[in-house]
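Take a look at the letters that make up each chain.
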Amino acid sequence: MECQIPWFTNGLIRWAIDRYHVNMSEAKREGAEEYRHFNDFFTRSLKEGARPLPEDPEMIVSPADGVISQMGDIKNGRIFQAKGHD
């Protein structure tokens, strides 16, 4: 993911932006071509104040781009994990 061939890197980043609806207006560098490689994009810095923390101390927040895709109870000390593995 550190390939620095512009046509490949830019294409992969544009694909990820489109596929996962990444809001690039929050990023300090908004264009796909501004990143050296995919890992540079993946760890991009955000603009100051782009994602303020909620004031409610009861809320749970995550520093990652993502959505909850699975959720369930812990049974016998086990819980569903990614890709079908527990």
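Scroll up a little and you will see the structure.
Residues numbered from 1 in each chain as written. Predicted model: local features only at pLDDT ≥ 70, side-chain atom pairs only at ≥ 80, totals over all residues. Heavy atoms only, no water.

Attention shifts here to a nonpolar patch on the surface. On the surface, a cluster of nonpolar side chains totalling about 370 Å² of accessible area is made up of I5, W7 and F8. Residue placement: W7 occurs in helix α1 (residues 6–19). When its relative accessible area of 68% is taken as the criterion, W7 is described as exposed. (Patch = residues over 30% accessible without salt bridge, like charges linked within 9 Å, V, L, I, M, F, W, Y side chains within 5 Å. Areas by Shrake-Rupley, 256 points an atom, 1.4 Å probe, with all protein chains shown as cover. Salt bridge = Lys/Arg side-chain N within 4 Å of Asp/Glu carboxyl O. Helix = DSSP H or I, 4+ residues; strand = E, 2+ residues; numbered from the N terminus. Buried < 20%, exposed > 50% of the residue type's maximum accessible area, 1.4 Å probe, protein only.)

Taken as a whole, this structure holds five aromatic pairs when the rule is applied. Measuring from ring centre to ring centre gives 6.0 Å for W7 and F8, while their planes differ by 85°; the resulting arrangement is edge-to-face. Looking at F8, the relative accessible area reads 39%, which means it is partly exposed. Judged by centre distance (5.8 Å) and plane angle (90°), the rings of W15 and Y20 are edge-to-face. Three or more aromatic residues joined by ring pairs form one cluster here, namely Y35, F38, F41 and F42. Cation over ring: R44 sits above F41, and NZ or CZ is 4.6 Å from the ring centre. (Phe/Tyr/Trp six-rings, centres within 6.5 Å; stacked < 30°, edge-to-face > 60°. Lys NZ or Arg CZ within 6 Å of the ring centre and 35° of its normal.)

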